[in-house]
Amino acid sequence: MSNVILKHVWKVYDGKVEAVKDANLIINDKEFAVLVGPSGCGKTTTLRMIAGLEEITKGTVEIGGKIVNDVEPKDRDIAMVFQNYALYPHMTVYQNMSFGLRLRKFPKAEIDKRVKEASRILGIENLLERKPKQLSGGQRQRVALGRAIVRDPKVFLFDEPLSNLDAKLRVQMRSELKKLHLRLNATMVYVTHDQVEAMTMADKIVVIKDGIIQQIDSPFNLYHYPKNTFVAGFIGSPSMNFLDASVVGKDDGLWIKLKNDIMLKVPKIYEEELVDYKGKDIVFGIRPEDIYDKMFAVAAKSENTVSVSVDILEPLGNQTILHAKVGEDLVVASIDPKTEAEVGQKIDLVFDMSMMRAFDVETQQAIITKEKLEHGLNESKSARVSGNNGSSKK
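Predicted, not measured: the structure shown is a model, and the values here were computed from it.

### Notes on the domain arrangement of the protein chain
Then comes step 1: Each assigned domain of the protein chain is listed with its residue range as follows: domain 1 (4-233) and domain 2 (238-386).
Then comes step 2: Between domain 1 and domain 2, the C-alpha centre-to-centre distance is 38 Å.
Then comes step 3: Overall, the association of domain 1 and domain 2 removes approximately 1,200 Å² of surface from exposure, summing both partners, and the carbon and sulfur fraction of that is 55%.
Then comes step 4: When the area that domain 1 buries against domain 2 is broken down by residue, the three leading residues are Tyr223, Tyr225 and Thr229, summing to 47%.
Then comes step 5: Remark: the boundary between domain 1 and domain 2 carries zero salt bridges.
Then comes step 6: The interface formed by domain 1 and domain 2 contains six residue pairs in polar contact (both at pLDDT 80 or more).
Then comes step 7: Of all the secondary structure elements, the ones that give two or more residues to the side of domain 1 that touches domain 2 are helix 7 (219-224) and helix 8 (229-234).
Then comes step 8: In terms of residue count, helix 7 provides more of the side of domain 1 that touches domain 2 than any other element does, five residues in total.

The structure is reproduced here in structure tokens:
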């Protein structure tokens, strides 16, 4: 078993700067876990404590069922891949990959076998006699991965390994790392500030802010069922729209009231959750892809149609990102690329309220439960499929 368990782990610098606060985390054997959050949130510090490169102020770290707080990094049976590759410039690729094994005095035949197998997996067999300066950024990253693979460790640790690569190569390396995980069937812990990397690669995502773990969940659950406004805003691109709102009760049920008296109907499935907020302020959230140009909306409901003024258009081919003013607020919508909207023009947008989110103003915590949101997600899918106007948002 190669699981990693953090129990009430703290990291405090100089007795006052709390970089990691009471972290509790279980990474299961063979799982690909990604620690994600903005710069300075404590994700790299957490990774370095797992590796043994940072001393733990309080709490315990277990690797493979053994507490490793006082175990030297070299004895933790982990392999770490860094952002800057950390290759020896005077050594060949073969020598870089075999260096750790040679230090441990592995037999030459075993070293040769491991290096050649790792180079085959990574597609760098023809680079073994080259030196790092003769390699591209992507090739250097593969060598750094190869050096970790030959160790055959219990746990692989990755500290933003793709951040130095160009955009196209990052996308390619993301898929290669995912394939590598499936091939090696190993436990991997990966740190990144890029939520797209996290969403596309992880089995489990750990969202961190200000040293505190905000939510641990699958990519799907984080996206559809965020526990608070930070997770909701951090996961997703473009990020979720947040609007100041209040809950209003009428004879026909509950409504969301935005600025300028703009009203949106609350679906029946959410009324039970929001009834205690009647007459109170909330934070209303909705993702850009759940706001449609009315011309292309499926099963549009007139009460959820809002007239807006187009501020900016960003055509991306498969979609158009529209920035618009809804009363006094700015919203972002991901709409059909065939839209006829123009900057400065007034158009009608439809809000898919079955995909709405609501958060408490004081705590910033989600109000609507996951169980209800699951019903809302299914209802939204059904509406898009069964729309009778012959058009749907892709």
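### Side note on the pairing of strand 10 (residues 212-217)
Then comes step 1: Across five bridges, the pairing between strand 9 (residues 204-209) and strand 10 is antiparallel. Paired with isoleucine 205 across the two strands is aspartate 217, which belongs to strand 10.
Then comes step 2: Linking two consecutive strands that pair antiparallel, namely strand 9 and strand 10, is a turn of two residues; a positive phi of about 50° is found at aspartate 210 within it.

### Describing the pattern of salt bridges
Then comes step 1: Using the criterion set out here, one finds 16 salt bridges in the structure.
Then comes step 2: Among the salt bridges present, the one from glutamate 62 reaches lysine 7, with a minimum N-O distance of 3.3 Å. Of this pair, glutamate 62 sits in strand 4 (residues 58-63) while lysine 7 sits in strand 1 (residues 4-13), and the two are 55 residues apart along the sequence.
Then comes step 3: Judged by relative accessible area, which is 12%, glutamate 62 ranks as buried.
Then comes step 4: Here glutamate 31 and lysine 204 are joined by a salt bridge, their closest N and O atoms 3.2 Å apart. Of this pair, glutamate 31 sits in the loop between strand 2 (17-27) and strand 3 (32-36) while lysine 204 is found in strand 9, placing the two residues 173 residues apart along the sequence.

### What about the layout of surface pockets?
Then comes step 1: Looking at the largest pocket, its volume works out to about 500 Å³.
Then comes step 2: Contributions of two or more residues to the lining of the largest pocket are made by strand 6 (78-81), helix 2 (93-103) and helix 4 (137-149).
Then comes step 3: With four residues, helix 2 is the largest single contributor of residues to the lining of the largest pocket.
Then comes step 4: Grouping the constituent residues of the lining of the largest pocket by class yields 14 nonpolar, one polar and four charged.

### Considerations on empty space enclosed by the protein
Then comes step 1: Following the criterion strictly, the structure yields two cavities of 30 Å³ or more and no others.
Then comes step 2: Looking at the largest cavity, its volume works out to about 60 Å³.
Then comes step 3: Forming the boundary of the largest cavity are Leu6, Val20, Ala23, Leu25, Leu35, Gly42, Thr46, Val206, Ile208, Gly211, Ile212 and Ile213.
Then comes step 4: Among the secondary structure elements, those contributing two or more residues to the lining of the largest cavity are strand 2, strand 9 and strand 10.
Then comes step 5: Looking at the lining of the largest cavity element by element, the count peaks at three residues for strand 2.
Then comes step 6: Here the residues of the lining of the largest cavity are counted per class, giving nine nonpolar, three polar and no charged.

### Notes on the packing of aromatic side chains
Then comes step 1: Tallied over the entire structure, the rule returns seven aromatic pairs.
Then comes step 2: When the centroid spacing of 6.2 Å and the interplanar angle of 70° are considered together, the rings of phenylalanine 220 and tyrosine 225 count as edge-to-face.
Then comes step 3: Relative accessible area serves as the criterion here: at 43%, phenylalanine 220 is assigned to the partly exposed category.
Then comes step 4: Classification of tyrosine 225 by relative accessible area gives buried; the value is 8%.
Then comes step 5: Aromatic rings pair up to connect Phe32, Phe156, Phe158 and Tyr190 into one cluster.

Reading guide: rules and limits
- Residues numbered from 1 in each chain as written.
- Predicted model: local features only at pLDDT ≥ 70, side-chain atom pairs only at ≥ 80, totals over all residues.
- Heavy atoms only, no water.
- Domains from an automatic or database assignment.
- Buried area = accessible area lost by both parts, 1.4 Å probe.
- Salt bridge = Lys/Arg side-chain N within 4 Å of Asp/Glu carboxyl O.
- Polar contact = N/O pair within 3.5 Å; in protein donor to acceptor, adjacent residues only side chain to side chain.
- Helix = DSSP H or I, 4+ residues; strand = E, 2+ residues; numbered from the N terminus.
- Pairing = 2+ DSSP bridges.
- Buried < 20%, exposed > 50% of the residue type's maximum accessible area, 1.4 Å probe, protein only.
- 1 Å grid on protein atoms, 1.4 Å probe; cavity = no way out; pocket = protein on both sides within 12 Å on 5 of 7 lines; lining within 4 Å.
- Points joined across faces, edges and corners; volume = space filled by probe spheres on them.
- Nonpolar A, V, L, I, M, F, W, Y, C, P; charged D, E, K, R; others polar.
- Phe/Tyr/Trp six-rings, centres within 6.5 Å; stacked < 30°, edge-to-face > 60°.

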